[in-house]
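# Fold and contact review
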Amino acid sequence: MASAVQKSALLLCGDYMEAYETIVPLYVLQSFGVSVHCVSPNRTAGDRCVMSAHDFLGLELYTELVVDQLTLNANFDDVTPENYDVIIIPGGRFTELLSADEKCVDLVARFAESKKLIFTSCHSQVMLMAAGILAGGVKCTAFESIKPLIELSGGEWWQQPGIQSMFEITDCVKDGNFVSMVGWPTLGHGIKVLLESLGAKVSSLKKNQASVLFLIGDYVEDYGINVPFRALQALGCKVDAVTPNKKKREVCATAVYDLEEGRQIPAEKRGHNFFVTASWDDVCVDDYDCVVVPGGRSPELLVMNEKAVALVKNFAEKDKVIASMGQGKLLLAATGVLKGKRCASGKGMKVMVKVAGGEAVMGKGCVTDGKLVTAASATDLPAFLSDLSTALGLTVMF
């Protein structure tokens, strides 16, 4: 989507940064034309940082799972705050190290002095403390273990009223040029505030709110569900996620695929849990403009379920938008949706697309053919988000 004003963001990275809090803002901003530089101290463009998922797996505290790696695309030593509109600092343990790095602390302080937007999440508010930014009563939220430190640093602790669990939290807080979130469960609202703070204007060709249904199951691709789900929330869409055999508020496991050195195909690793937002029997196709089938291994489960196959067929019969990425095309193949259609495909889906009567387009991350939007893999999510937004009649301009 072309914008009148070019926006730029700096993503401050490090080992064991929270994957969800890194990938969602990165891909969402890129999808709407924002230039994002990913940097880390003492590393250069082409180096990689390890990312981790943090989630509650039945213990009293969250578990940290190593998932994959992010390749840096810029040099830390070349950074000039005046060239950026925002600095984004994900959560994760890397901020403990960076908060003792004078160059990093000075960088954050310079963004604050320039009145540039600073976006923090979960534990990365420690960078604000290290830079002395919270003194004077700056309103701030974070993972609750950070509350005493925020208050000791002169900040004002904020917590969404009436909350019993962090998974019920939907809001973030903005105080001047500082935006802070409790963690990844609030990314939908957090990305909305981030876009608005950067001057984004969202317009729609539809009179009514666009509505999107995600069809998922266990081992759905982590970024394939979380990135578009949170992005569409941020754009003001009604968004739901369902699976045939689970009810609202039950959990689907997700998977992250990491191409490790020397491997022919990516290794599968457990990702974040994803909470189903609606029960199957409550879903009516007429209430939605689009169905999205993410990748991962969940399509193998869904293609064996008659209700899931029938649901996608119903969307097709009513001439609604159908979108998919990666292995999600397996379910589309079973419904006949791919017949006579061009769709983006990686090597692994080429045969499936062909036998389903479609044309596999290799080497192009995202393809739109009529009301069918497909992406080859999760790394093509920026293009996928852009094309899907267009298919829903949404435009984002800065």
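The structure under discussion appears in the preceding block.
Counting restarts for each chain: residues are numbered from 1 in the order of the written sequence. Whole-chain, interface and lining totals are the exception, using all residues; otherwise, since this is a predicted model, local features are given only for residues with pLDDT of at least 70 and side-chain atom pairs are given and counted only at 80 or more. Side-chain figures throughout are based on the complete set of non-hydrogen atoms in the structure, without hydrogens or water.

So, about the overall build of the protein chain. Only DSSP runs of H or I reaching four residues or more are called helices, and only runs of E reaching two or more are called strands; each is numbered from the N terminus. When helices and strands are counted, the protein chain shows 12 helices and 24 strands. Taken along the three principal axes of its C-alpha coordinates, the protein chain extends 60 × 45 × 45 Å. Note on exposure labels: buried denotes an accessible area under 20% of the residue type's maximum, exposed denotes more than 50%, and partly exposed covers the range between, all computed with a 1.4 Å probe on protein chains only. Taken across its 398 residues, the protein chain has 56% of its residues classed as buried. Contacts spanning at least 24 positions in sequence make up 70% of the contacts within the protein chain whose residues lie at least 6 apart. Put simply, the protein chain shows about 16,600 Å² of open surface, and 49% of that area lies on carbon and sulfur atoms. When charges are counted, Lys and Arg contribute as positive and Asp and Glu as negative, whereas His and the chain ends are disregarded. Taken as the charge location is NZ of Lys, CZ of Arg, CG of Asp or CD of Glu. Mean positive and mean negative side-chain charge positions of the protein chain (38 and 46 charges, respectively) differ by 8 Å. Contact definition: two residues touch when any of their heavy atoms are within 4.5 Å. Values of accessible area rely on a 1.4 Å probe in the Shrake-Rupley scheme; residue burial ignores everything except the protein chains shown.

On to the pattern of salt bridges, then. Just to be clear on terms, a salt bridge is a Lys or Arg side-chain nitrogen sitting within 4 Å of an Asp or Glu carboxyl oxygen. A full pass over the atoms with the stated rule returns 12 salt bridges. Residue K246 is joined to D218 by a salt bridge in which the shortest nitrogen-to-oxygen separation is 2.8 Å. Placement of the pair is K246 in the loop between β15 (238–242) and β16 (251–258) and D218 in the loop between β13 (211–215) and β14 (220–221), with a sequence separation of 28 residues. According to the relative accessible area criterion, K246 is partly exposed, its value standing at 22%. Accessibility expressed as a relative area gives 30% for D218, which makes it partly exposed. For D319, the salt bridge goes to K371, with nearest N and O atoms at 3.4 Å. Taken together, the residues span a long stretch of sequence, with D319 in the loop between α9 (306–317) and β19 (321–325) and K371 in the loop between β22 (366–369) and β23 (372–375) at a distance of 52 residues.

Turning our eyes to something else, we now look at the environment of T120. Within the secondary structure, T120 sits in strand β7 (residues 117–121). Given a relative accessible area of 0%, T120 falls into the buried group. T120 sits 228 residues away from G348 along the chain, and the two C-alpha atoms are 37 Å apart.

Another point: helix α3 (residues 102–113). Here α3 is 12 residues long and its end C-alpha atoms lie 16 Å apart, about the 16 Å a rise of 1.5 Å per residue gives. Taken as a whole, α3 has its buried residues at C104, V105, L107, V108, A109, F111 and A112. Looking at the buried positions of α3, the neighbouring elements they touch are β1 (8–12), β6 (86–89), α2 (94–98), β7, α4 (126–130) and β11 (178–181). Its side-chain oxygen 2.9 Å from the backbone nitrogen of K103, D101 forms the N-cap of α3. K115 sits one or two positions beyond α3 and adopts a positive phi of about 60°. In this scheme, a helix's expected span is set at 1.5 Å multiplied by one less than its residue total. Identification of polar contacts relies on pairs of N or O atoms within 3.5 Å, with a donor-acceptor requirement for protein atoms, meaning one able to donate a hydrogen and the other able to accept it, and with residues adjacent in sequence counted only if both atoms are side-chain atoms.

Moving on to the sheet that holds β7. When DSSP locates at least two bridges between a pair of strands, those strands are taken to pair. Taken together, the six strands give an open sheet; going across it, the order is β3-β1-β6-β7-β11-β10, and neighbouring strands pair in mixed fashion. Each edge of the sheet is formed by a strand with only one pairing partner; in this case those strands are β3 (35–39) and β10 (173–175). Going from strand to strand, the sheet's axes swing by 20° on average, the running direction of each strand aside. Judged from the five bridges that link them, β1 and β3 form a sheet pairing that is parallel. Opposite L12, over in β3, you have V39 as the bridge partner. In this description, a line fitted to the C-alpha atoms serves as the axis of each element, helices being fitted only across the stretch in contact, and the angle between N-to-C directions of two axes falls anywhere from 0 to 180 degrees. Helix-sheet contacts for helix α1 (residues 19–31) involve β1, β3, β6 and β7, and the interaxial angle to β3 is about 150°.

This next bit is on unusual backbone geometry. Phi is positive for C122, which is not a glycine, with a value near 65°. Summarising the element assignment, C122 is placed in the loop between β7 and α4. Of note in the backbone geometry, D319 takes a positive phi value of approximately 55° without being a glycine.

Here the focus is the nonpolar core. Among soluble globular proteins, nonpolar side chains are generally buried collectively. Among the nonpolar cores identified, the biggest contains 104 residues, and F214, Y223 and F384 are the most heavily contacted of them. The element that contributes the greatest number of residues to this core is α1, accounting for eight residues. Once residues lying within four places of it in the same chain are set aside, the contact partners of F214 are I225, P228, F229, L232, V239, D240, A241, V242, V292 and P294. Grouped together as the second largest cluster of nonpolar side chains are 25 residues, V293, V309, V312 and A356 included. What is meant by a nonpolar core is a set of buried Ala, Val, Leu, Ile, Met, Phe, Trp, Tyr and Cys residues, joined one to another through side-chain atoms within 4.5 Å.

The mixed open sheet is built from three strands, whose spatial order is β2-β4-β5. The open sheet terminates on both sides in strands that have one partner only, identified here as β2 (17–18) and β5 (63–71). By the bridge criterion, seven bridges tie strand β4 (residues 48–55) to β5 in an arrangement that is antiparallel. By the bridge assignment, R48 is partnered in β5 with T71.

The values are spatial; any link to function lies outside them.
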